[in-house]
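Residues per chain, in single letters:
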Amino acid sequence: MSNLNPLRYCFYGKHAKPRATFRMLPGAANARAVCAECYEKLKAGKPNKKK
């Protein structure tokens, strides 16, 4: 049975957001998902490694 709760807790931003907005962080050793808002903050704060 799947989880019927429409909200999921974002451990990065310490808030609950709708499950549909969560995204997986690329390159993480363990699969971690953060909300879209925190995902954008993380992507903006890290430099692009591709040259």
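## Some words on the side chain of His15
Summarising the element assignment, His15 is placed in strand β2 (residues 15-18). Polar side-chain contacts of His15 include one of 3.1 Å to the backbone oxygen of Gly13. Not counting residues up to four positions away in its chain, the partners in contact with His15 are Arg8, Tyr9, Cys10, Cys35, Glu37 and Cys38.

## Describing the packing of aromatic side chains
Counting across every chain of the model gives one aromatic pair. Plain terms: the ring middles of Tyr9 and Phe11 are 4.9 Å apart, the flat faces sit at 80° to each other, and that makes the pair edge-to-face. Assessed through its relative accessible area of 40%, Tyr9 is described here as partly exposed.

## With respect to the confidence of the model for the protein chain
Here the protein chain averages 83 in pLDDT, while 86% of its residues score no lower than 70. The element-level mean pLDDT for the protein chain is lowest in helix α1 (residues 36-45), coming to 89, with β2 highest at 93.

## Notes on the pattern of salt bridges
For the structure shown, the criterion picks out three salt bridges. Residue Glu37 is joined to Lys41 by a salt bridge in which the shortest nitrogen-to-oxygen separation is 3.7 Å. Of the two residues, Glu37 and Lys41 are both situated in helix α1; the distance of four residues between them amounts to about one turn of the helix. Of the residues examined, Glu37 reaches a relative accessible area of 40% and is grouped as partly exposed.

## Details of the pairing of β2
Of the strand pairs in this sheet, strand β1 (residues 7-10) and β2 are connected by four bridges, and their pairing is antiparallel. Residue pairing in the sheet places Leu7 in a bridge with Pro18 of β2.

Criteria and cut-off values
- Residues numbered from 1 in each chain as written.
- Predicted model: local features only at pLDDT ≥ 70, side-chain atom pairs only at ≥ 80, totals over all residues.
- Heavy atoms only, no water.
- Helix = DSSP H or I, 4+ residues; strand = E, 2+ residues; numbered from the N terminus.
- Polar contact = N/O pair within 3.5 Å; in protein donor to acceptor, adjacent residues only side chain to side chain.
- Contact = heavy atoms within 4.5 Å.
- Phe/Tyr/Trp six-rings, centres within 6.5 Å; stacked < 30°, edge-to-face > 60°.
- Buried < 20%, exposed > 50% of the residue type's maximum accessible area, 1.4 Å probe, protein only.
- pLDDT = per-residue confidence, 0-100.
- Salt bridge = Lys/Arg side-chain N within 4 Å of Asp/Glu carboxyl O.
- Pairing = 2+ DSSP bridges.

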